[in-house]
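Breakdown of the fold
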Amino acid sequence: DAGVIQSPRHEVTEMGQEVTLRCKPISGHNSLFWYRQTMMRGLELLIYFNNNVPIDDSGMPEDRFSAKMPNASFSTLKIQPSEPRDSAVYFCASSPYSPGRGFGYEQYFGPGTRLTVT
Amino acid sequence: AQTVTQSQPEMSVQEAETVTLSCTYDTSESDYYLFWYKQPPSRQMILVIRQEAYKQQNATENRFSVNFQKAAKSFSLKISDSQLGDAAMYFCAYRRRGGSQGNLIFGKGTKLSVKP
């Protein structure tokens, strides 16, 4: 299996521009998580989906951030407009989930997207 | 709310020696998972070891083992026979078992250096 795929790996943009980060989860995994990693705040959850439905978006910092999962094999995290404080590494992770058994043991992480907003 | 605390921002160990990384957590739940993740300079998050809270036996994976003290809410990682490739950031993480809340809650991490 190719694992969780994220693109781009690096993104440099100017303040005010729209940024779109992409994630392809592992085939068969029906839960998808977006995390952000910064020096100040560490790793924190932004949003996660079960079966393409957003379950918890309480970690999304503000309205400039939005996430979608139009189908089981693709998700996007969009920042519009971007600001320098959004500079971070953004991780996508996936996990199997079933209502009866709950989440699988492990979350499989993608390689991350390093975002720099100047 | 659950929290995870790693009190050692940095640790250093001599190659072939043993090192222990500390982690404490706070939760009112009785059933949960605890994890140690490794993040090398490549940024990839790699699961090192997992512990189910309902299991009394400490988890072991080759040179990696944990000391799980449920009453004390402590979950330390021991690395034996340290190797240069063990140098990385190590994150302790918590996750509820069951329910719909499946996200990981991470500590701030411990940077481990391995000296040759």
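First things first, this report covers the structure right here in the doc. (Residues numbered from 1 in each chain as written. Chains lettered and ligands numbered in written order. Predicted model: local features only at pLDDT ≥ 70, side-chain atom pairs only at ≥ 80, totals over all residues. Heavy atoms only, no water.)

**With respect to the sheet that holds strand 8 (residues 74-79) of chain A**
All names here are of chain A. Pairing in this open sheet of 4 strands is antiparallel, and the strands run 1-3-8-7 from one edge to the other. Across the chains shown, the open sheet's two edge strands, defined by having one partner strand only, are strand 1 (5-7) and strand 7 (65-71). Sheet twist, expressed as the mean angle between neighbouring strand axes with direction ignored, is 15 degrees. (Pairing = 2+ DSSP bridges. Helix = DSSP H or I, 4+ residues; strand = E, 2+ residues; numbered from the N terminus. Axes fitted to C-alpha atoms, helices over the stretch in contact; angles between N-to-C directions.)

**Observations concerning the environment of Phe65 of chain A**
All names here are of chain A. You can see Phe65 is positioned in strand 7. Take Phe65: its relative accessible area is 5%, and that puts it in the buried class. With 13 residues separating them in the primary sequence, Phe65 and Lys78 have C-alpha atoms 5.7 Å apart. (Buried < 20%, exposed > 50% of the residue type's maximum accessible area, 1.4 Å probe, protein only.)

**With respect to the interface of chain B and chain A**
Bring the parts together and some accessible area is lost; that lost area is often taken as the interface size. Every contact between the two is made by 22 residues of chain B and, on the other side, 28 residues of chain A. At the boundary of chain B with chain A, total buried surface from both sides reaches about 2,000 Å², with 50% on carbon and sulfur atoms. Taken together, the connections running from chain B to chain A amount to 0 salt bridges. Of all elements in the fold, only strand 5 (32-39), strand 6 (46-52) and strand 10 (88-96) of chain B reach the threshold of two or more residues within the side of chain B that touches chain A. The dominant element in the side of chain B that touches chain A, judged by the number of residues it contributes, is strand 5 of chain B, at 4 residues. Partitioned by chemical class, the residues of the side of chain B that touches chain A number 9 nonpolar, 8 polar and 5 charged. (Contact = heavy atoms within 4.5 Å. Buried area = accessible area lost by both parts, 1.4 Å probe. Salt bridge = Lys/Arg side-chain N within 4 Å of Asp/Glu carboxyl O. Nonpolar A, V, L, I, M, F, W, Y, C, P; charged D, E, K, R; others polar.)

**A few points about the packing of aromatic side chains**
Taken as a whole and assessed by the stated rule, the structure comprises 16 aromatic pairs over all chains. Aromatic pair Phe91 of chain A and Phe109 of chain A: ring centres 6.1 Å apart, planes at 80 degrees, arrangement edge-to-face. Here Phe91 of chain A is found in strand 9 (residues 88-95), whereas its partner Phe109 of chain A is found in strand 12 (residues 108-109), with 18 residues between them in sequence. Neither residue differs from the other here; Phe91 of chain A and Phe109 of chain A are each classed as buried. Aromatic pair Trp36 of chain B and Phe75 of chain B: ring centres 6.3 Å apart, planes at 20 degrees, arrangement stacked. Placement of Trp36 of chain B in strand 5 and of Phe75 of chain B in strand 9 (residues 74-79) is noted, with a sequence separation of 39 residues between them. Residue Trp36 of chain B shares its accessibility class with Phe75 of chain B, and that shared class is buried. A network of ring pairs unites the aromatic residues Phe33, Tyr35, Tyr48, Phe91 and Phe109 of chain A together with Tyr33, Phe35, Tyr37, Phe91 and Phe106 of chain B as a single cluster. (Phe/Tyr/Trp six-rings, centres within 6.5 Å; stacked < 30°, edge-to-face > 60°.)

**A few points about the nonpolar core**
Residues and elements named next belong to chain B. Core analysis: the largest hydrophobic core is formed by 25 residues, its most contacted members being Tyr25, Trp36, Phe75, Leu77 and Tyr90. Listing elements by their share of this core, those giving two or more residues are strand 3 (19-21), strand 5, strand 6, strand 8 (64-69), strand 9, strand 10 and strand 12 (110-115). The element that contributes the greatest number of residues to this core is strand 10, accounting for 4 residues. Once you skip the residues sitting within four places of it in the chain, Leu77 turns out to touch Val19, Thr20, Leu21, Trp36, Ile49, Phe64, Ser65, Val66 and Tyr90. (Core = buried A, V, L, I, M, F, W, Y, C linked by side-chain atoms within 4.5 Å.)

**A few points about the state of the cysteines**
All names here are of chain A. Using the criterion set out here, one finds 2 disulfides over all chains in the structure. What pairs with Cys23 in a disulfide is Cys92, and their sulfur atoms sit 1.9 Å apart. Of note, the bridge from Cys23 to Cys92 carries an S-S torsion of about -65 degrees and is left-handed in sense. On the criterion of sequence distance, the pair formed by Cys23 in strand 3 (residues 19-24) and Cys92 in strand 9 is long-range, its members being 69 residues apart. No difference in accessibility class separates Cys23 from Cys92, as the two residues are buried. (Disulfide = S-S within 2.5 Å.)

**Points about the pattern of salt bridges**
Residues and elements named next belong to chain A. Scanning the entire structure with this criterion turns up 13 salt bridges over all chains. A salt bridge links Arg64 to Glu62, with the nearest nitrogen and oxygen atoms 2.8 Å apart. Close ionic contact of Arg85 with Glu62 constitutes a salt bridge, the shortest N to O distance being 3.2 Å. Taken together, the residues Arg85 in the loop between strand 8 and strand 9 and Glu62 in the loop between strand 6 (53-56) and strand 7 connect sequence positions 23 residues apart. A relative accessible area of 54% means that Arg85 is categorised as exposed. Several salt bridges converge on common partners, so that one network encompasses Glu62, Arg64, Glu83, Arg85 and Asp86.

Purely spatial values, then, with no claim about function.
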